[in-house]
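Each chain, letter by letter, is given below.
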Amino acid sequence: MSPEDQSVLRLATRSEIQGYLKEEEEKAIDELVSVPSSISADQLSALDNFNKDSKHLKISSEGYLKEEEEKAIDELVSVPSSISADQLSALDNFNKDSKHLKISSEGLSKEDRRILHEFIRRRYRGKLCSETKDREIEITYCGVNSSARKRKRWDKDRPDNCHFTLAKENKDTSYALGVIAKFLNISINNFRTHGIKDRRAITCQRVSCNRVEKERILSLNSHLRDIIVYDFEYDNDQLKMGGHWGNRFHIILRNVPPESQHILENRMKEFLVHGFINYFGTQRFGSCGTNTASIGKKILLRDWETAVKMILSNDHMPGYLGTVGDALRCFKSTNDACQAVRMLKGSQAYASIEAMILKCLAKGGTWQKIGISL
């Protein structure tokens, strides 16, 4: 294999994926992570030897919680100009027995409010929670063990984007990412790719996902059908459309008469010498009976209703997309988006553009809102 070939993505086998999962599970302990004073030597040893066959391990948090509660305020966090001396004093003395504290947000810009929320979170080490309500910022006490502190902090030393290889069969990229997003309970907009891979093929491509741990994505392999994810790494940059150096295809021609072999060989020689014209084929304009260029024209003319209805007009195709086709035919005959949505089953209820449109209509979305989001 040439050096150039080594940069080409390849499809991983099932055994390779299983080996990758096992390798991740058996990775050595990170000795560089500092041990908190609340962990004893015996507890640390028990944790280091803990595995999938071990029983539950319990560590008392009583002393730790008390220590956390008594930690001093972080005086190094600069106080924003929107906080008065009296308000700062009230915040410093705020505890679990205090009532709600409200700070007026009148006249504060969005950036000012963001700075204020960040200040409260950092200065009081997450013990105080803040929320903007009706032109006021309401402060409540969360403590170190409160269920109100739901947001998981991203490791500041870890790059923001998790890159991985997505391999799939008989699914387009948007559909596959929609399924993964559903399992992760995140928006599909968290993902970035260099481009869309065709449905009718076995394909692999790189994907980046913003602030999602690789362990969460990797664990989905046992739940995904005809989709696998592997080769993870973290990077500061997300992928950009068209940012890859090219595509490579392996094309299978079936039912080729033996007497045509010399014709194919001559064609291949011509391609090697002269190359091949890169043209826009029919797949660029849709293969489901509706020309995407016509839809684009309607969008440019701001004829939102016609554009959206053209997307939903593929109901005539026999067996089209399973329950999506049933939903489209239902919507065409009843004009009832709610009834049509109820006909969607499985992953087709959230991973197809038709399903997304019908759901938006069912919630009262306008043609313009849907058209702009396309």
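Since this is a predicted model, take the numbers as computed values, not measurements.

Participant: Which parts of the structure should I look at to understand the overall build of the protein chain?
Facilitator: Check the secondary structure of the protein chain and you find 14 helices and seven strands. For the protein chain, the proportion of its 374 residues judged to be buried stands at 29%. Considering only contacts in the protein chain between residues 6 or more positions apart, those separated by 24 or more positions represent 63%. Entry remark: accessible area of the protein chain is about 26,300 Å², with carbon and sulfur atoms responsible for 50%.

Participant: So what exactly am I meant to see when it comes to the packing of helix α9 (residues 292-300) against helix α10 (residues 304-311) here?
Facilitator: Relative placement of two packed helices is described by the angle separating their axes and the distance separating the axes. For the pair α9 and α10, interaxial distance at closest approach is 8 Å and the crossing angle is 160°. Taken together, α9 and α10 sit at an angle that is classed as roughly antiparallel. At the point where α9 passes α10, the crossing takes the left-handed sense. Where α9 approaches α10, its residues Ser 294, Ile 295, Lys 298 and Ile 299 are matched on the opposing element by Trp 304, Thr 306, Ala 307, Met 310 and Ile 311. Grouping the constituent residues of the contact of α9 with α10 by class yields six nonpolar, two polar and one charged.

Participant: Looking at this structure, how should I read the nonpolar core?
Facilitator: In globular proteins that are soluble, nonpolar side chains generally tend to be buried together. Formed by 22 residues in total, the largest nonpolar core has its most connected members in Phe 164, Leu 166, Ile 180, Phe 191, Ile 217 and Phe 232. For this core, the elements supplying multiple residues, two or more each, are β4 (161-169), α6 (173-184), β6 (202-210), α7 (214-218) and β7 (227-235). For this core, the leading source of residues is α6, giving seven residues. Among the nonpolar cores identified, the runner-up in size contains 21 residues, and Ile 295, Ile 311, Ala 340 and Ala 349 belong to it.

Participant: How should unusual backbone geometry be read in this particular structure?
Facilitator: Only a minority of non-glycine residues have a phi that is not negative, and only a minority of peptide bonds are not trans. A positive phi angle, near 60°, is found at Asn 185, a position not held by glycine. As for its placement among the helices and strands, Asn 185 is situated in the loop between α6 and β5 (191-193). Under the relative-accessibility criterion, Asn 185 is labelled exposed at 69%. Despite not being glycine, Arg 211 shows a phi value in the positive range, around 55°. Examined against the element boundaries, Arg 211 turns out to sit in the loop between β6 and α7.

Participant: So what exactly am I meant to see when it comes to the packing of aromatic side chains here?
Facilitator: How two aromatic rings sit relative to each other is given by the distance of their centres and the angle of their planes. Applying the stated criterion across every chain yields a total of three aromatic pairs. Centroid distance Phe 164 to Phe 232: 5.5 Å. Interplanar angle 25°. Geometry classified as stacked. Here Phe 164 is found in strand β4, whereas its partner Phe 232 is found in strand β7, with 68 residues between them in sequence. Where Phe 271 meets Phe 276, the ring centres are 5.1 Å apart and the plane angle is 80°; that geometry is what we call edge-to-face. Note on Phe 276: relative accessible area 58%, which makes it exposed.

Participant: Just checking my understanding: could you explain a positive patch on the surface for this structure?
Facilitator: Positive charge collects at one region of the surface, where Lys 182, Lys 359, Lys 363 and Lys 369 lie side by side. By the secondary structure assignment, Lys 182 is in helix α6.

Participant: Honestly, the environment of Asn 221 in this entry has me stumped. Any pointers?
Facilitator: Along the chain, Asn 221 falls in the loop between α7 and β7. When the C-alpha positions of Asn 221 and Gln 18 are compared, they lie 9.3 Å apart, and in sequence the two are 203 residues distant. Aside from chain neighbours lying at most four places away, what touches Asn 221 is Ile 17, Ile 227, Ile 228 and Val 229. At 2.9 Å, the side chain of Asn 221 and the backbone nitrogen of Val 229 are in polar contact.

Criteria and thresholds
- Residues numbered from 1 in each chain as written.
- Predicted model: local features only at pLDDT ≥ 70, side-chain atom pairs only at ≥ 80, totals over all residues.
- Heavy atoms only, no water.
- Helix = DSSP H or I, 4+ residues; strand = E, 2+ residues; numbered from the N terminus.
- Buried < 20%, exposed > 50% of the residue type's maximum accessible area, 1.4 Å probe, protein only.
- Contact = heavy atoms within 4.5 Å.
- Areas by Shrake-Rupley, 256 points an atom, 1.4 Å probe, with all protein chains shown as cover.
- Axes fitted to C-alpha atoms, helices over the stretch in contact; angles between N-to-C directions.
- Parallel < 35°, antiparallel > 145°, perpendicular 65-115°, else oblique.
- Left-handed = near helix turned anticlockwise from the far one by under 90°.
- Nonpolar A, V, L, I, M, F, W, Y, C, P; charged D, E, K, R; others polar.
- Core = buried A, V, L, I, M, F, W, Y, C linked by side-chain atoms within 4.5 Å.
- Phe/Tyr/Trp six-rings, centres within 6.5 Å; stacked < 30°, edge-to-face > 60°.
- Patch = residues over 30% accessible without salt bridge, like charges linked within 9 Å, V, L, I, M, F, W, Y side chains within 5 Å.
- Salt bridge = Lys/Arg side-chain N within 4 Å of Asp/Glu carboxyl O.
- Lys, Arg positive; Asp, Glu negative; His and termini not counted.
- Charge placed at Lys NZ, Arg CZ, Asp CG, Glu CD.
- Polar contact = N/O pair within 3.5 Å; in protein donor to acceptor, adjacent residues only side chain to side chain.

All quantities given are derived from atomic positions and should not be read as evidence of function.
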